[in-house]
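# Notes for the structure review
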2 protein chains.
Amino acid sequence: MSEILEAVELARLSTGDADFDARLDALLAWEGVSDAAVQQRVDEIIAAVRTRGDAALVEASNRFDRLSATSMADLTLGPARLEQAYANLPEAQRQALAQAAERIRAYHERQKSASWSFTEADGTVLGQQVSALDRAGIYVPGGKAAYPSSVLMNAIPAHVAGVREIVMVVPTPDGVLNELVLAAAHLAGVDHVFTVGGAQAVAALAYGTESVPRVDKIVGPGNIYVATAKRAVFGQVGIDMIAGPSEILVVSDGGTDPEWLAMDLFSQAEHDEDAQALLVSWDAAHLEAVEAAIERLLPTLEREAIVRESLARRGALIHCRDREEAVALINRIAPEHLELSMGDPEALLPEVRHAGAIFMGRYTAEALGDYCAGPNHVLPTSGTARFSSPLGVYDFQKRSSIIHCSPEGAAALGEVASTLARGEALTAHARSAEYRIPPKA
Amino acid sequence: MSEILEAVELARLSTGDADFDARLDALLAWEGVSDAAVQQRVDEIIAAVRTRGDAALVEASNRFDRLSATSMADLTLGPARLEQAYANLPEAQRQALAQAAERIRAYHERQKSASWSFTEADGTVLGQQVSALDRAGIYVPGGKAAYPSSVLMNAIPAHVAGVREIVMVVPTPDGVLNELVLAAAHLAGVDHVFTVGGAQAVAALAYGTESVPRVDKIVGPGNIYVATAKRAVFGQVGIDMIAGPSEILVVSDGGTDPEWLAMDLFSQAEHDEDAQALLVSWDAAHLEAVEAAIERLLPTLEREAIVRESLARRGALIHCRDREEAVALINRIAPEHLELSMGDPEALLPEVRHAGAIFMGRYTAEALGDYCAGPNHVLPTSGTARFSSPLGVYDFQKRSSIIHCSPEGAAALGEVASTLARGEALTAHARSAEYRIPPKA
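Residues numbered from 1 in each chain as written. Chains lettered and ligands numbered in written order. Predicted model: local features only at pLDDT ≥ 70, side-chain atom pairs only at ≥ 80, totals over all residues. Heavy atoms only, no water.

### Structural notes on the overall build of chain A
The helix and strand tally for chain A stands at 17 helices and 15 strands. In terms of overall dimensions, chain A has a C-alpha envelope of 95 × 60 × 45 Å along the principal axes. Buried residues in chain A amount to 59% of all 441 residues. Within chain A, counting contacts between residues at least 6 apart in sequence, those at least 24 apart form 74% of the total. (Helix = DSSP H or I, 4+ residues; strand = E, 2+ residues; numbered from the N terminus. Buried < 20%, exposed > 50% of the residue type's maximum accessible area, 1.4 Å probe, protein only. Contact = heavy atoms within 4.5 Å.)

Written as C-alpha cells, this is what we have:
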C-alpha cells in the first residue's frame, strides 16, 4: 500500500551506524536565538512601557494587533466576562474543561510545600517558612495557538499555591477573542485579563503600569518577542523556562499497535514544523510496521502538511540494540515527553534520570497528559529536563530561612563564625558574632 | 563624644515624611546593567570557548589572570590537592570549617525532596519522580573576595542532593591560590577544581571543553562578566539568580544593645561600597542611640572606609510609627537578610511574606547565618525574595511527572482529552486518545 503514496521523509537511524552520534546531535540541535534586531525592538518596547505605561501599552497593542483601543479600559476583561464565557460554552466542552481543571487541581494540591522547623538541644530553632507569591502573570498566546489547556496548566498551580492575584495577558490579533480561553481563565482562578500581548505585555507585567499591576513572576509560552522580553526582565521578576519546540521520545518494546504509536508521533508533530517526534525500539520489524502505519495514516490527518514537514525536518525512527541502549538514549536526549510504550515500564523507570514527563505503558497516550490526566503539560524542552522540572505549585511558592538562636546557641556558633570571619578578613562580621558570646567567667 | 569625630553620613528617614516613599525608592533602586561593551566581550569569549575549547580557555586565563599556563593541566587541581589544603590548615580554622560544613550539611539534609505517587480508583498511577542533576558547576570568585564559606554554601546542597559530579572553577589572579577555599572544596564534596574564572569559565562549564565537563547548572557569585555570561548561557544550562549587592534590614523594638545593632549593620556594610544596611524602629530614642554607637564604633573598624562609603551611599535609619508599619516596610523591601531584633519575633513572623532569611531575636546576629548556623547564605537580593528562595537542595534536584493510565483510566480520560483537543483543532491528539477508548458494546 505504501508504494502508491508519496513516502514520508523520516530519518532512520541505528545506534550501530558509524555516524549515529553526529546524526542524532544534528537532529536534536536547537538554538532559539534572538537576533540583534529583535533584541533592539524588544528593548525599545520595554523602555516605552516603563516610561509611558498605559499609553505605550495601548499604542503597541493597536499597532501590533491591529486594534483601535483608546484606553486600557478597552483592553481589560473582568471576572464577570470570564464567567459569561464559561456559562456560554457548549455543554460537552464546559464539562470536559471542568473535569480537566478538577483533575489538574487535585494533582497539584499534592505539590504544596509546607513550612518546617526543628529545635536543637540548646534551644536554637532552624527551618524554612514557605509562602506564596503575591502576584503571578500568565502569558497566553493569541490567535490560532490560543489553547485553553495552557491557561489551566499555567494558572491552576499559581492558584493552588495561594497566589493572591493572578493576572492573565492574551493578545487579540484583529480583536478576535477566544471564548474557550476566557472560560478556562474563569475555571483556573484568574483575577484579571488584559487583552495585550508581545513584549509590551511582558514589560507591563514586569514593571506595572497605571492599569496593569506589577507581578512577581511571569509564566507561559510565547513567540520570539515574548521569549526575548522574558529573558530581558528576568531578575526584575521571576520567569519560567524559555521553551523550545515541543518534543516526544517514544520507546516501544514492539508490543504496542503500530497505528497507536504512529498517531502518538503525529500528535507531537502536528504542533508545528519544528516539533520533534522520535521513536526508539530494539525491534526492527516493529519499526518497519510503525513506518508503514505512518504512511497509511498520514493522508487521513487534518494537519497533514504540518506533520509531514515536522517529521521530515526533525523526526526519526531509531533502532537500538537493546533496552540498555534505549535507556542511554533517553538520558542523553532528556526528552520533554517520554512514552514508555511497553509491558513493564516500571522496570525501566528507576533508570530514567532525565525527562519532563513519563507516560507509562501502552494506554498512556501523551495527549492524555496534555489535557486532563492531572500533571502539568508545561515541561522542560530541548534537553533542559537535565536540570529543570515541570511547572508546578513550587514555582509559585518561595522560602525564607528561619534562624532563631538561643543565647547558648549564639555563644557556640559565635566562636565558629568568629574564626571563619577572621579567616575571610571580615572583622565586623566576627565582632558582631562575638558580642553574643558572654565573657568567660 | 560624637562631636569630636566626623559625623557619619547616614540617611535618616521617617515614614511620616512627605517624601518618604520617593526617598526609600531611591535608596532601594539597584539595576545591575551590563552595558553593550561588556555584553559584546562576553559574547566573544563564549564563542571562542565553544569553538576552540581548552585552547581558548587557557589563552583567556593567561590574559585576564596574568598567568603563563601552557595547557589545562596547569589549571587543574585534583582531589589530593584539595585534601592537602585541608590537612595543612591551622587547627582552629580546620575545626571551625569542619563544624560549619557539618551544620550546613545537617540542615540541608532536611530539604531533600522524595519521589511521590498515588493510585486512583481505576488503577491509574500519578506522581513525580525526583532525581538529582548529573553535574553541577560552582563558580567561586578569586582574589580578595574568595570566601571559603561560599564554597560550602554552594557545593554542599549539590552534594546533599546527590549530584554525581561537582566541578568548581575559581580564578587565580597572578597565580594566587586561596588554601581555605581549596580546603572548603574538599569538605564540601567538590570533585574537580579548575583554576579559571570570568566569562571563559562560565562558557566552559556551560558547553564543555576537552578538559572541563559540561555541567547542567551553574551557581555562585561573580563580577559583571560572570553575571553577563551566566545570563547568556541560561537555557543551555540552569543558573541560580544573578545576585545584586548584599543587604540587611534590621527591625528593632528598642531593647537590643545599640552597639550590637551597630555592629550588625557594619557587618553588612563591610562587604562592599554598594552593600545596604537599613535599621527600622518605632523607638526614636533608640535610633539615636544606635546612631551614636555607629559614630563611636566606626573608627575601630578594620574596614572603616568601605563601611563609611556604604552607609553614606545606601544606608539609612528609618523611624516608623509602629509594628504594623514595620511589617509593611519588610514586605515592601523584601530584604535579603531580615533581623527581627526584638523580644517576641515569633509574633511578627507570620506576617513576614518576603525575606531571604529571617534572623530572630537579639542573639541571632546575621553573621552566624553567613557561616555556620546551617541555612544557606546564598539568598535572593534586590527585592527578589518576592519570588525566589535561598539556594537549597531543591536547586540541584528536578522532577519528572509520572503518568501510568490503566485501560479503564485511559478510556475515561480519553473522552475528556478528545473533546478538548478537538476544541483546539488538534485532531491527531484527539485520535491518539480515542485509540485507547474501547469500542462501545
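Read on, since the account is not over.
### A few points about helix α6 (residues 148–161) of chain B
All names here are of chain B. Taking 1.5 Å as the rise per residue, α6 with 14 residues should run 20 Å; its terminal C-alpha atoms sit 20 Å apart, in good agreement. Within α6, the axis deviates most sharply at Ala155, by approximately 30 degrees, and proline Pro157 lies no more than four positions further along. Of all 14 residues that make up α6, 13 are buried, and the element is covered over most of its length. Where α6 terminates, the next one or two residues include Gly162, which has phi positive at roughly 100 degrees. (Expected span 1.5 Å × (residues − 1). Bend = angle between axes of the 7 residues up to and from the residue.)

### Brief notes about the domain arrangement of chain A
Residues and elements named next belong to chain A. Along its sequence, chain A is carved into domain 1 (2–30 + 244–387) and domain 2 (36–112 + 133–239). Computed over C-alpha atoms only, the centres of domain 1 and domain 2 are separated by 31 Å. With ten residues of domain 1 at the contact, the number on the domain 2 side is ten residues. Across the interface of domain 1 and domain 2, roughly 880 Å² is buried in total on both sides, 54% from carbon and sulfur atoms. For the interface between domain 1 and domain 2, the tally reads zero salt bridges. Linking domain 1 with domain 2 are five residue pairs in polar contact (both at pLDDT 80 or more). Its residues assigned to classes, the side of domain 1 that touches domain 2 shows five nonpolar, four polar and one charged. (Domains from an automatic or database assignment. Buried area = accessible area lost by both parts, 1.4 Å probe. Salt bridge = Lys/Arg side-chain N within 4 Å of Asp/Glu carboxyl O. Polar contact = N/O pair within 3.5 Å; in protein donor to acceptor, adjacent residues only side chain to side chain. Nonpolar A, V, L, I, M, F, W, Y, C, P; charged D, E, K, R; others polar.)

### A few points about the environment of Leu413 of chain A
Within the secondary structure, Leu413 of chain A sits in helix α16 (residues 407–423). You can call Leu413 of chain A buried: its relative accessible area is 6%. Once the C-alpha coordinates of Leu413 of chain A and Arg436 of chain A are considered, the two residues, 23 residues apart in sequence, prove to be 9.4 Å apart. When residues no more than four places from it in sequence are discounted, the contact partners of Leu413 of chain A are Cys405 of chain A together with Arg103, Leu368, Cys372 and Ala373 of chain B.

### Digging into the pairing of strand β5 (residues 135–139) of chain B
Residue and element names in this part refer to chain B. Counting buried positions over the five residues of β5 gives four, a clear majority of the element. Where β5 meets strand β6 (residues 165–169), five bridges bridge the pair, whose relative direction is parallel. Bridging from a neighbouring strand, Arg135 pairs with Glu165 of β6. Of the pairings in the sheet, the one linking β5 to strand β8 (residues 217–219) comprises three bridges and is parallel in character. Across the sheet, residue Ile138 finds its bridge partner in β8, namely Val219. (Pairing = 2+ DSSP bridges.)

### Here we look at the UniProt feature "active site" (unreviewed entry) in chain A
Residues and elements named next belong to chain A. In the numbering adopted here, UniProt assigns the feature "active site" (unreviewed entry) to Glu336 and His337. Structurally, Glu336 can be placed in the loop between α13 (323–333) and β13 (337–341). Aside from chain neighbours lying at most four places away, what touches Glu336 is Pro245, Ser246, Glu247, Gln268, Ala355, Gly356, Ala357, His377, Leu379, Pro380 and Thr381. Assessed through its relative accessible area of 2%, His337 is described here as buried. His337 has contacts with Ser246, Glu247, Ile248, Leu249, Gln268, Ala357, Phe359, Glu366, Asp370 and Leu379, leaving out every residue within four places of it along the chain. A polar contact is formed between the side chain of His337 and the backbone oxygen of Glu247, at a distance of 2.8 Å. (UniProt positions renumbered as here; feature names shortened; annotations may be inferred.)

### A closer look at the sheet that holds β5 of chain B
All names here are of chain B. Taken in spatial order, the six strands make up an open sheet running β2-β7-β6-β5-β8-β9, and their pairing is mixed. The sheet terminates laterally at β2 (76–77) and β9 (238–239), the two strands that pair on one side only. Of the strand pairs in this sheet, β8 and β9 are connected by two bridges, and their pairing is parallel. Bridging from a neighbouring strand, Lys217 pairs with Gly238 of β9. Taken strand by strand, α6 contacts β5, β6 and β8, and its axis lies near 160 degrees from that of β6. (Axes fitted to C-alpha atoms, helices over the stretch in contact; angles between N-to-C directions.)

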